[in-house]
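Summary of structural features
Here is how the chains run, residue by residue.
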Amino acid sequence: MTGGEGAAPRRPLTLAEVELGSENERLGVARDSMLCNPLIVKAELGKPQRNCYTLPGIDFAYGLYIERTDGGVPEAIGHWNTIKPRTHLVQEMPRDYIAMNRGALKAGYTTAREYNLYYKAKDIRRKDDENGCFNKCPPELPADMTYGIKTRSCTPFFDVLHHRYQQLWMEQQRALTTAERVEKKKKEKVRETRTTFLRKNPLPPKEESFWHLPSLEKVKPHLSTLPDRKARQKAFSATH
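Let me begin by describing the structure that accompanies this report. All figures in this text were calculated on a predicted structure; none of them were measured in a lab.

All right, on to the overall build of the protein then. Tallying secondary structure elements over the protein gives 7 helices and 0 strands in all. Sequence-ordered secondary structure for the protein, helices as α and strands as β, is α-α-α-α-α-α-α. When the 240 residues of the protein are sorted by exposure, 9% land in the buried category. Summarising the internal contacts of the protein: among those between residues at least 6 apart in sequence, 46% fall at separations of at least 24.

Quick look at the packing of helix α2 (residues 97-107) against helix α3 (residues 112-121) now. Contact geometry of α2 with α3 gives a least axis separation of 10 Å together with a crossing angle of 120°. Handedness of the α2/α3 crossing: right-handed. Packed against α2, whose contacting residues are Y97, M100, N101, G103, A104 and L105, the element α3 presents Y115, Y118 and Y119 at the interface. Among the residues making up the contact of α2 with α3, the classes are represented as 7 nonpolar, 2 polar and no charged.

For the coordinates displayed, the defined rule picks out 3 aromatic pairs. Centroid distance Y97 to Y119: 5.5 Å. Interplanar angle 85°. Geometry classified as edge-to-face. Taken as a pair, Y97 in helix α2 and Y119 in helix α3 lie far apart in primary sequence, 22 residues in all. For Y119, a relative accessible area of 13% translates into the label buried. Seen in terms of ring centroids, Y115 and Y119 are 6.3 Å apart; in terms of plane orientation they differ by 85°. Their pairing is edge-to-face. Of this pair, Y115 and Y119 are both found in helix α3, 4 residues apart, which corresponds to roughly one turn of the helix. Ring-pair connections join several aromatic residues into one group, and the members of that group are Y97, Y115 and Y119.

Before going further, it helps to spend a moment on the nonpolar core. Core analysis: the biggest nonpolar cluster contains 5 residues, these being M100, A104, Y115, Y118 and Y119. Elements with a contribution of two residues or more to this core: α2 and α3. For this core, the element with the most residues is α3, which contributes 3 residues. With residues up to four places along the chain from it excluded, the contact list for Y119 reads R95, Y97, M100 and N101.

Unusually for a residue other than glycine, H163 sits at a positive phi of about 55°. For H163, the position within the fold is in the loop between α4 (157-161) and α5 (164-188).

What follows concerns a nonpolar patch on the surface. Together, L55, F60 and Y62 make up a nonpolar patch on the protein surface, roughly 380 Å² of accessible area in all. One can find Y62 in the segment before α1 (72-78).

What follows concerns the pattern of salt bridges. Side-chain pairs of opposite charge can arise whenever the charged atoms involved come near each other. Tallying each qualifying case throughout the model produces 5 salt bridges. In this structure, D123 engages R125 in a salt bridge whose closest nitrogen and oxygen atoms are separated by 3.2 Å. Given a relative accessible area of 38%, D123 falls into the partly exposed group. With a relative accessible area of 33%, R125 lands in the partly exposed category. Salt bridges sharing partners connect three or more residues here, namely E92, R95, D123 and R125.

Rules used throughout
Residues numbered from 1 in each chain as written. Predicted model: local features only at pLDDT ≥ 70, side-chain atom pairs only at ≥ 80, totals over all residues. Heavy atoms only, no water. Helix = DSSP H or I, 4+ residues; strand = E, 2+ residues; numbered from the N terminus. Buried < 20%, exposed > 50% of the residue type's maximum accessible area, 1.4 Å probe, protein only. Contact = heavy atoms within 4.5 Å. Axes fitted to C-alpha atoms, helices over the stretch in contact; angles between N-to-C directions. Left-handed = near helix turned anticlockwise from the far one by under 90°. Nonpolar A, V, L, I, M, F, W, Y, C, P; charged D, E, K, R; others polar. Phe/Tyr/Trp six-rings, centres within 6.5 Å; stacked < 30°, edge-to-face > 60°. Core = buried A, V, L, I, M, F, W, Y, C linked by side-chain atoms within 4.5 Å. Patch = residues over 30% accessible without salt bridge, like charges linked within 9 Å, V, L, I, M, F, W, Y side chains within 5 Å. Areas by Shrake-Rupley, 256 points an atom, 1.4 Å probe, with all protein chains shown as cover. Salt bridge = Lys/Arg side-chain N within 4 Å of Asp/Glu carboxyl O.

These figures come from the coordinates and say nothing about function on their own.
Here's what the structure looks like:
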């Protein structure tokens, strides 16, 4: 640790300043570039560290030099570079067509040509106060209004520690899964056809009957040996 560690770094070392037996003594071929390399130059005992950068001469002026205007301290004291005031140009205000149209209507003009002639004769301009930013009334704000960002509500640590948000999320996911299943079942339900309907509700079996000739089905008997209908039913019941 050198004694001049806190001092400013010195200029680069030259071969003429290297003493015999010093830390930076070079044997053989020695070049000035060897003393400008911070990896080769060794720290001198009791002296500040060198920066290994070449600096310009004594007559070098640091900073920005402005030619013809930089006269040094005498010019700064004897002359004042003042800024000339700017002349404010009178801004031509736009036409007030509302006022001109009102005046033309009161005068009895109705056509576009008459309106144009009225504009040339009565060139009314807007007032400067109409375009001012302070012309508008400020909005009415409540007396207890707080400006800035609202304070975020406190985090419910009791619900966080008891995994309340996880339980709510799980319940929502279960309800969503159940609703999706019901919707899927509705979509998968197949419309019944006549074949599926007859499988579930078969038709009643038809009663078997003997076949008869169609020409003999409605033929009435030609001979009746019984006296009346009651005797015929009594004889028929006795045989069957």
